[in-house]
Every structure is written in C-alpha cells, then in structure tokens.
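Survey of secondary and tertiary structure
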Amino acid sequence: MIGVLDSVNELTEVAGQNRMELLLFKLSGRHQRYGINVFKVREVLPCPRLTVMPKLQKFVIGVAHIRGQTISVIDLAYAIGGRPSTNIDKCFIIIAEYNRSTHAFLVSSVERILNMNWDKIMPPPKGAGDSNYMTAVTEIDGELVEILDVEKILEEISPSKLENTDLEAVYDSEFKKIIEKHKPVVLVADDSRVALNQVTSALEKMNLTVVKAHDGREAFNLLREAAGKGPVEHQYAVVISDVEMPEMDGYTLCSTVRQDPSLKNLYVILHTSLSGVFNLGMVSKVGANDFIPKFNPLELARAVKKGIILTNAGKSGADLVMGAKDKQ
C-alpha cells in the first residue's frame, strides 16, 4: 500500500489542463468511497503505533511519529459524523498537507488513483445543505464518490481566529482613501464554504465588496458577463481563486482569463491549501499575479492591497504576471 502513490503524475503534467488525480478510499463503517486530491497527499501508510495524549480534540485519536515529525491523526469517519473507527491496527493513514500544516487522516482502506478532468467533478447536489462535508462529487464505476471538504473538517477541529487578526497596518490612510473613492470589488472563487467565508470575512474587515463564486466556471461566467458591460478591470479590482474546484480549476480559470482579450488585464491571485507541493513555475505559467497558501488573513490582505493599488494605478495584470515583473 505504501506504493499506492507511485502512479501519481508530476503536478506540472496535469495542472493547467483542468485535470486532477483523485485518491479513492473508504472509511470505517461506510460502504461508499471518498476522494482526496493526490496533490495534497504526501504519503499513505499502514496506521503506525499511536501515542495517546491528554486533552486531545475528540476526533484526534493520537499522534504518530513519522520521519522525525510528530503528526496528529484524525479519525476521518468520526470527524464527518460517523462512529469512531474500530480495528485501528488494520487501518491506514493518509498524510496530507493543508493550509501550511501536515495532517494524518485515518481511513479503513485506500483503493486506487484516478486521473480525471475537473469538468467531471461536480458541485454537491442542491439541497444537500450546509452541514454536509462534501466539497464536490463525481461518478466512478456507476457509484457516487464524495470529495471531502477537508478545510471544513480542520476548521471544526481547530478554528481559525480571524477576529484576533489586526489588519490596521494594511488598512492605512492611503489605502482607505482608495477604497472610499473607488469602492473596489473583489471576486472570490472557492468551492469550500469555509474557505469562501474566511476570505470574505477578511476582505470585509478591509471594507471591500466581495462577490462570491463557488467554482472556476461560475467565476468565469461572472467575468464574461461583466466584460459585456465594459472594461472588466473597472468592475473587479482583483480576482482571488482557489486552485482545486469542480468543473474548472483555478489554474484553468487563470490561463483562460489571460487568453481572453476582454479579461486579460485582470489582477489574479491564486489562494490555495496546496502548501507543501505548490509549483511556482506553474503559477507563473498560467499567468497568475500572485499566490498565497491558505489561510493567513494578514498575507491575504497585503496581497489584495497590492493588487488594488496596481489596478487603481492602471497597471495591467497581464504585464504583472508573477515572475515576469520581478525580472524587469
């Protein structure tokens, strides 16, 4: 099972082509299959010996010492509303990197990896409600597979403390004048409700207006609609996009924007939880102006401030692509 990741393609081979690799697994007490993006997975191992420590969060069943690192192990079945896993010694852990941290998720079995188009990954069914843990769904072998909203799970285990973040240094008098005069609007695309709300809350603390999109396709349609009314960069000062999204991923959204004459001048920031394997070359290749690993409100605020100032100064996002501008 350790070799289950041997078939993973290099990130640069699938990124920007609206493709992703999905690792399929099952959870204790459940017959259905679930998925996680391989780009976030560092390793898959049989569950090692766990050390139980006092006052751990109830979904954290212990810590594992792996390759010189101490990693908390989260019972994924329990965390999404099921019963605590049994026969842990026969389970596996998926070690993944999210939001600048390494986590281990306990699963009952790991099956295989599939290379898929993002347009085969669909948003959760309407009516599923906000309490579910799906970020997307897809059909494999005639069976519905849930792609879990890991960011929501991690937020419930260890909530972020946005209210304690001081953005005063970013929201200075000069920037305040720009906001009051131009009332900039930021388009945010993210399929995770938790991530979308986190970004929205941070930007609203800066008195910015936010328009939300739940995937890259919806964001692109909003931009095309705006372009029909006039210069789109006058309507959206900055676009912030997640990378992993159903129907159209953030890489494809960014490269599509750059190829569209009516959209190419937009300032685009990629905002992603792919912290450990993020490919700077690909970010530049698809034409992003900046990227930020999730989720640091202060870094996000600084990046958005920079984008708004440059857009307000009449700078073209197409001319400020990450990597190209720095060489000038």
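Comments concerning the sheet that holds strand S15 (residues 290–293)
A sheet is described by the order of its strands in space; here five strands give the open sequence S12-S11-S13-S14-S15, paired in parallel fashion. Strands with a single pairing partner mark the edges of an open sheet, and in this sheet they are strand S12 (209–213) and S15. If you compare each strand with its neighbour and ignore which way they point, the axes differ by 20° on average. Sheet analysis places strand S13 (residues 238–241) next to strand S14 (residues 268–272), joined by three bridges and oriented parallel. When the sheet's bridge partners are listed, Ile240 is paired in S14 with Ile269. Its contacts with the sheet place helix H6 (residues 216–227) against strand S11 (185–189), S12 and S13, and it is angled at close to 125° to S12. Set on the sheet, helix H7 (residues 250–259) makes contact with S13 and S14; between it and S14 the angle comes to about 175°.

Side note on the confidence of the model for the protein
Taken as a whole, the protein shows an average pLDDT of 84; of its residues, 87% reach a score of 70 or greater. At the low end of the mean pLDDT range in the protein sits helix H1 (residues 11–14), at 44; at the high end sits S11, at 97. Contacts for the low-pLDDT stretch residues 1–15, under 50 throughout, to residues beyond four places or in other chains number 35 contacts.

What to know about the packing of H6 against H7
In contact at an axis separation of 9 Å, H6 and H7 are set at 20° when each is read in the N-to-C sense. Relative to H7, the element H6 lies roughly parallel. Along this stretch, H6 crosses H7, giving a crossing that reads as right-handed. Taken together, the residues of H7 that come into contact with H6 (itself represented by Gly216, Ala219, Phe220 and Leu223) are Leu253, Thr256 and Val257. Residue classes in the contact of H6 with H7 are distributed as five nonpolar, two polar and no charged.

As for the packing of helix H4 (residues 173–182) against helix H9 (residues 297–312)
Running from N to C, H4 and H9 point in directions that differ by 60°, and their axes come no closer than 11 Å. By the angle between their directions, the pair H4 and H9 is classed as oblique. The chirality of how H4 crosses H9 is left-handed. Every residue of H9 that contacts H4 at Phe175, Ile178 and His182 is listed here: Lys305, Ile308, Ile309 and Asn312. By residue class, the composition of the contact of H4 with H9 is four nonpolar, two polar and one charged.

Some points on H9
If you check H9, its first and last C-alpha atoms are 22 Å apart, about what 16 residues at 1.5 Å a residue would give, namely 22 Å. Looking only at H9, the buried set comprises Pro297, Leu300, Ala301, Ala303, Val304, Lys305, Gly307, Ile308 and Thr311. Packing partners of the buried residues in H9 comprise H4, S11, helix H5 (193–204), S13, S14 and S15. Measuring from the backbone nitrogen of Leu298 back to the side-chain oxygen at the start of H9 gives 3.1 Å, which picks out Asn296 as the cap. Just downstream of H9, Gly314 is the residue with a positive phi angle, here 85°.

Considering the side chain of Glu151
Mapped onto the elements, Glu151 comes out in helix H3 (residues 150–157). Only 2.9 Å separates the side chain of Glu151 from the side chain of Lys294, close enough to count as a polar contact. Excluding its chain neighbours within four sequence positions, the residues that come into contact with Glu151 are Tyr98, Asn99, Ser192, Val194, Ala195, Ser273 and Lys294.

Regarding the packing of aromatic side chains
Under the defined criterion, the tally for this structure stands at three aromatic pairs. Ring geometry for Phe25 and Tyr34: centres 6.1 Å apart, planes at 20°, overall stacked. Both residues of the pair, Phe25 and Tyr34, count as buried. Geometry around Tyr133 places Lys152 over its ring, the cationic atom sitting 4.7 Å from the centre.

Thresholds, definitions, all that
Residues numbered from 1 in each chain as written. Predicted model: local features only at pLDDT ≥ 70, side-chain atom pairs only at ≥ 80, totals over all residues. Heavy atoms only, no water. Pairing = 2+ DSSP bridges. Helix = DSSP H or I, 4+ residues; strand = E, 2+ residues; numbered from the N terminus. Axes fitted to C-alpha atoms, helices over the stretch in contact; angles between N-to-C directions. Contact = heavy atoms within 4.5 Å. pLDDT = per-residue confidence, 0-100. Parallel < 35°, antiparallel > 145°, perpendicular 65-115°, else oblique. Left-handed = near helix turned anticlockwise from the far one by under 90°. Nonpolar A, V, L, I, M, F, W, Y, C, P; charged D, E, K, R; others polar. Expected span 1.5 Å × (residues − 1). Buried < 20%, exposed > 50% of the residue type's maximum accessible area, 1.4 Å probe, protein only. Polar contact = N/O pair within 3.5 Å; in protein donor to acceptor, adjacent residues only side chain to side chain. Phe/Tyr/Trp six-rings, centres within 6.5 Å; stacked < 30°, edge-to-face > 60°. Lys NZ or Arg CZ within 6 Å of the ring centre and 35° of its normal.

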